[in-house]
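Given next are the chains, with one letter for each unit.
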Amino acid sequence: MTRRRIAILISGRGSNMASLIEAARAPGYPAEVALVLSNRPDAEGLVRAREAGIEALAIDHKAYSTRESFEQALDAALRERGIEFVCLAGFMRVLTNWFVERWQGRMINIHPSLLPLFRGTHTHRRALEEGVLVHGCTVHFVVPELDAGPIVAQAAVPVVPGDTEESLAQRILVQEHVLYPQALAMICSGRARLENGRVVFSQGWGAGGALRSPG
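This structure is a prediction, so every number in the text was calculated from the model and none was measured.

Caption draft 1: Here's a closer look at helix H6 (residues 165–188). For H6, spanning 24 residues, the distance from its first C-alpha to its last is 33 Å, which sits close to the expected 34 Å at 1.5 Å a residue. The largest bend in H6 is about 25°, located at Glu 176.

Okay, here's the thing in structure tokens:
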């Protein structure tokens, strides 16, 4: 089995990064984490990646005069290392169309809501304000429009009486750490693929296989 070489882009502590690294240690997992890259040299996740024996690189966006020049350096670092697939995991930079299109179909993100609901930030606060009964997280392909890419997988979490932003966020984070490695494995093994702007699942997968609830 050929394992796909992936890079994880982070800006902070990298909790989803850690779940991907752990999953990739399993025999038979179809991807290997070849690089962790951050736009912040002080990102805690870089230390965690190095401790796991993975190359960790910082490309400080503040050192570049334009967004485009920063992304060109990012792209060059990925290509120099033979990266085939990119996972965004708390990467707090809005990427330009140039970079997104360059990695079209080879870059995914995890978002803390059941897209297309609650795109953007403060998703847990907005979910509570709207009074939804079910919240969750989504893994999707990255497209130029923010949080609008084709959906690979979702995990649903019930909203319970007395929930706060913090309590809801914590329960959803637990599901993110399960869902992201599963979704990446689906893509890298060919069980899910992007065709004509839609995610197509191989036989035995589909809406039921792409949506999960805890328990």
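Caption draft 2: A look at the packing of aromatic side chains. Under the definition given, this model contains 3 aromatic pairs. When the ring of Trp 98 is compared with that of Phe 99, the centres are 6.5 Å apart and the planes differ by 50°; the resulting orientation is tilted. Trp 98 sits in the partly exposed class, given a relative accessible area of 37%. Connected via pairs of aromatic rings, a cluster forms that spans Trp 98, Phe 99 and Trp 103. Taking the ring centre of Phe 70 as reference, the NZ or CZ of Arg 93 above it sits at 5.6 Å.

Caption draft 3: Here's a closer look at the nonpolar core. Grouped together as the largest cluster of nonpolar side chains are 42 residues, with contacts concentrated most on Ile 8, Val 36, Ile 108 and Leu 184. The leading source of residues in this core is H6, at 10 residues. For Ile 108, the residues in contact, after removing those within four places along its chain, are Phe 85, Val 86, Cys 87, Leu 88, Val 139, His 140, Phe 141, Val 142, Tyr 180, Leu 184 and Ile 187. Within the second largest apolar cluster, 21 residues are counted, among which are Ala 7, Phe 99, Trp 103 and Val 142.

Caption draft 4: Representation of the environment of Tyr 180. On the secondary structure map, Tyr 180 appears in helix H6. As for Tyr 180 and Trp 103, which are separated by 77 residues in sequence, their C-alpha atoms are 19 Å apart. The contact partners of Tyr 180, leaving out residues within four places of it in the chain, are Asn 16, Leu 20, Cys 87, Leu 88, Ala 89, Ile 108, Asn 109, Ile 110 and Val 139. Here the side chain of Tyr 180 touches Ile 108 through a polar contact of 3.2 Å, landing on its backbone oxygen.

Caption draft 5: Molecular detail of unusual backbone geometry. In the segment running from Leu 115 into Pro 116, the intervening peptide bond is cis, with an omega of 15°. Relative to the assigned elements, Pro 116 resides in the loop between strand S5 (107–111) and helix H5 (123–130). The phi torsion at Phe 118 lies on the positive side, around 55°, for a residue other than glycine. Residue classification places Phe 118 among the buried residues on the basis of a relative accessible area of 12%. Although it is not a glycine, Asn 196 sits at a positive phi angle of roughly 50°. Mapped onto the elements, Asn 196 comes out in the loop between strand S8 (192–195) and strand S9 (198–201).

Calculation rules
- Residues numbered from 1 in each chain as written.
- Predicted model: local features only at pLDDT ≥ 70, side-chain atom pairs only at ≥ 80, totals over all residues.
- Heavy atoms only, no water.
- Helix = DSSP H or I, 4+ residues; strand = E, 2+ residues; numbered from the N terminus.
- Expected span 1.5 Å × (residues − 1).
- Bend = angle between axes of the 7 residues up to and from the residue.
- Phe/Tyr/Trp six-rings, centres within 6.5 Å; stacked < 30°, edge-to-face > 60°.
- Buried < 20%, exposed > 50% of the residue type's maximum accessible area, 1.4 Å probe, protein only.
- Lys NZ or Arg CZ within 6 Å of the ring centre and 35° of its normal.
- Core = buried A, V, L, I, M, F, W, Y, C linked by side-chain atoms within 4.5 Å.
- Contact = heavy atoms within 4.5 Å.
- Polar contact = N/O pair within 3.5 Å; in protein donor to acceptor, adjacent residues only side chain to side chain.

Structural measurements only, silent on function.
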